[in-house]
Amino acid sequence: MLVTAYVLAGLVGIGIIYVGLSYLFAPEKTAKGFGLATIPTGTTAFFQIKGVRDIGTGLVVGAAMLAGGPHVVGWVLLAEAFIPVGDMLIILRHKGSRAVAFGVHGLTAAVMVVTTLLLVLG
C-alpha cells in the first residue's frame, strides 16, 4: 500500500511539473484546457506565473518524497490539495466548464487526499 501511495504521489508531482512546463512554453494553448469560460488575452505573464507555481508545487512533493518520509509526503499533498480545490471553485464561480472543474481539478484533489490517507495511515 505504501509503494502504491508513493507511486501516486510521484505521479502527482510529475504531472503538475508537466502542467507547469506547458504553461511556460505554450501558455495560451494550455490555458484553454484550464476550464474557464473566457481566457485573458494580450499577455502570457499570468499563465507563466501559474506555470512557475505548478512546477514549484511538484518540486515540493519530490523533495518531501526524497527527504521526508511517508507522513511528511502525505501532509504536503494534503496541504497542496488546496490548490486544485481552489482552481475548481474559481472555474465554477466564473461559469467555466463544470466537466473540467470536477473532472480535472476535483479529481486531482481527490487523488491527492486519497494518497494522503494511504501515506499517513499506511
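Treat the numbers as computed from the prediction; the structure is a model and nothing was measured.

A. Main features of unusual backbone geometry. Look at lysine 95: it is not a glycine, yet its phi comes out positive at around 60°. Relative to the assigned elements, lysine 95 resides in the loop between helix H5 (82–93) and helix H6 (98–121). Of the residues examined, lysine 95 reaches a relative accessible area of 70% and is grouped as exposed.

B. Structural context of the packing of aromatic side chains. In this structure the tally under the stated criterion is two aromatic pairs. Ring geometry for tyrosine 23 against phenylalanine 47: centres 6.2 Å apart, planes inclined by 25°, an arrangement best described as stacked. You can see tyrosine 23 sitting in helix H1 (residues 2–25) and its partner phenylalanine 47 sitting in helix H3 (residues 45–67), a full 24 residues away along the chain. For tyrosine 23, a relative accessible area of 3% gives the class buried. Ring pairing ties together the aromatic residues Tyr23, Phe46 and Phe47, which thus form one cluster.

C. Up close: the side chain of aspartate 87. Checked against the element boundaries, aspartate 87 lands in helix H5. Side-chain polar atoms of aspartate 87 contact the side chain of arginine 53, separated by 3.4 Å. Look past the residues within four positions of aspartate 87 in its chain and what remains in contact with it is Phe34, Lys50, Arg53 and His105.

Calculation rules
Residues numbered from 1 in each chain as written. Predicted model: local features only at pLDDT ≥ 70, side-chain atom pairs only at ≥ 80, totals over all residues. Heavy atoms only, no water. Helix = DSSP H or I, 4+ residues; strand = E, 2+ residues; numbered from the N terminus. Buried < 20%, exposed > 50% of the residue type's maximum accessible area, 1.4 Å probe, protein only. Phe/Tyr/Trp six-rings, centres within 6.5 Å; stacked < 30°, edge-to-face > 60°. Polar contact = N/O pair within 3.5 Å; in protein donor to acceptor, adjacent residues only side chain to side chain. Contact = heavy atoms within 4.5 Å.

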